[in-house]
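Residue strings, one per chain:
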Amino acid sequence: MQSDYTLELLTQAYFDCRKNKRTTDSALRFELDLERNLAQLHDELMQGTYRPGRTICFAIARPRPREVWAADFRDRIVHHLLYNKIAPRFHARFIADSCACIPGRGTLYAAKRLEAKVRSQTHNWSRPGYYLKMDLANFFVSIDKRRLWLRLSPQIPEPWWRNLAALILFHDPRENVHVRGAKDLLKAVPPHKRLTNAPPLHGLPIGNLSSQFFANVLLDGLDQFVKHQVRAKHYIRYVDDFVILHESAQWLNDALREINDYLPQLGLALNPRKTILQPISRGVDFAGHVIKPWRREIRRRTVRTALARIETLPAGQTLESINSYLGLMRHADARHDRTRVANAARRRGHCVDAQATKAYRQAEITQITQESFR
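This structure is a prediction, so every number in the text was calculated from the model and none was measured.

> Looking at this model, I keep getting lost on the layout of surface pockets. Mind explaining?
Empty pockets left among the atoms are what a rolling probe the size of a water molecule brings to light. The calculated volume of the second largest pocket comes to roughly 400 Å³. As for the second largest pocket, its lining consists of 16 residues, of which Asp 16, Asn 20, His 80, Leu 209 and Gln 212 are closest to the centre. For the lining of the second largest pocket, the secondary-structure elements that each account for two or more residues are α1 (7-21), α4 (73-91) and α10 (209-228). In terms of residue class, the lining of the second largest pocket is made up of six nonpolar, six polar and four charged.

Listed below in structure tokens is the structure:
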């Protein structure tokens with residue numbers, strides 16, 4: 001039985017998928033004969049013969065070397081199909097402090113929400129407080145799919161959709177993979193962080209929408225535990241990074257012990273090297289921002305990376321990168337940083353508006369000027 005699956009749902013999933021992936025090789029191949037490929041995918045889903053295809057594995061260097069697993073475009077469409085159907089029911093159960101891969105809850109949402117919590121905890125910076133920041137060790141690689149399935153399947157009563165979820169979750173991309181990119185960069189990824197070295201039925205491929213969603217489903221158990229068992233008033237999580245605020249350092253140490261005792265139930269563990277307990281007044285680094293007394297800044301590393309990229313990128317690729325960084329900095333107290341990026345943009349031959357919020361090509365400025373005098 002196909003439940004309430006329809007071709008219209010698949011078509012909508014295709015449109016959602018193509019928003020950010022339309023220029024990839026697999027997307028272009030799929031769209032060369034769009035109607036036939038979409039109809040074939042629909043038939044496979046209807047008949048129960050659909051199976052995930054080949055995955056491309058490559059490594060990226062920033063912010064640190066790690067593997068990325070890119071599913072074929074047609075498989076990404078199926079990921080969106082499943083996500084569009086079942087995600088809303090899970091999102092309704094998630095706490096408001098669970099961020100990432102949830103509409104409207106990106107890095108800016110996470111940073112602003114933590115800033116509000118910091119102001120509440122410190123009575124608008126008038127009282128001292130402490131923060132405990134934690135990070136899960138080798139998170140995506142260490143996820144036990146069987147434990148995840150126990151949390152996922154009860155919320156999918158429809159047999160057709162539950163079978164599709166199981167097919168996507170338990171698919172092992174290592175069985176049909178094409179490795180691309182520099183081999184030296186892949187070797188730079190620590191062995192314990194490589195999905196290729198994960199035990200059977202462990203690990204989710206970084207790079208898929210389904211992996212991000214499944215990770216949130218698993219970590220909802222942690223969110224509920226921290227809020228209702230540890231009873232942390234000020235808590236927030238972005239993927240596998242999470243922060244708790246409190247007036248007492250001893251209370252936070254007790255909370256740390258409780259969390260360490262609970263995480264094995266999810267098959268997870270904390271990274272002790274990234275567990276930080278210190279006064280809030282020193283600044284809280286979270287989701288790409290640093291919350292300090294009376295201001296929220298961008299990470300210094302992000303600013304350095306921005307300046308280095310603008311100086312070294314090919315001329316045809318600089319504008320998009322510049323505007324991306326200016327857009328990020330526009331939402332923080334980063335006037336000085338925006339000025340530095342704007343100056344770097346001008347050195348590459350671009351024009352920047354007076355507020356240092358957007359860069360333009362010289363030709364665009366000429367056209368705008370001409371039109372203003374018509």
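That shown, we press on.
> Mind showing me how you'd approach the sheet that holds strand β7 (residues 241-246) here?
In sheet architecture, strand pairing relies on hydrogen bonds along the backbone and comes in two forms, parallel and antiparallel. As summarised here, the arrangement of the five strands in space is β3-β6-β7-β4-β8, forming an open sheet in which the pairing is mixed. Strand pairing shows two members of the sheet lacking a second neighbour, β3 (98-99) and β8 (276-279), which therefore form its edges. In this structure, strand β6 (residues 234-238) lies alongside β7, joined through five bridges in antiparallel fashion. Within β7, the residue paired with Arg 237 across the bridge is Phe 242. Against the sheet, α10 touches β3, β6 and β7, its axis set at about 170 degrees to β6.

> Which parts of the structure should I look at to understand α10?
Along an α-helix, residues three or four apart share an orientation, since each turn contains 3.6 residues. Helix length check: α10 (20 residues) gives 28 Å between terminal C-alpha atoms against 28 Å at 1.5 Å per residue, within 8%. Within α10, the axis deviates most sharply at Leu 219, by approximately 35 degrees.

Rules used in this analysis
- Residues numbered from 1 in each chain as written.
- Predicted model: local features only at pLDDT ≥ 70, side-chain atom pairs only at ≥ 80, totals over all residues.
- Heavy atoms only, no water.
- 1 Å grid on protein atoms, 1.4 Å probe; cavity = no way out; pocket = protein on both sides within 12 Å on 5 of 7 lines; lining within 4 Å.
- Points joined across faces, edges and corners; volume = space filled by probe spheres on them.
- Helix = DSSP H or I, 4+ residues; strand = E, 2+ residues; numbered from the N terminus.
- Nonpolar A, V, L, I, M, F, W, Y, C, P; charged D, E, K, R; others polar.
- Pairing = 2+ DSSP bridges.
- Contact = heavy atoms within 4.5 Å.
- Axes fitted to C-alpha atoms, helices over the stretch in contact; angles between N-to-C directions.
- Expected span 1.5 Å × (residues − 1).
- Bend = angle between axes of the 7 residues up to and from the residue.

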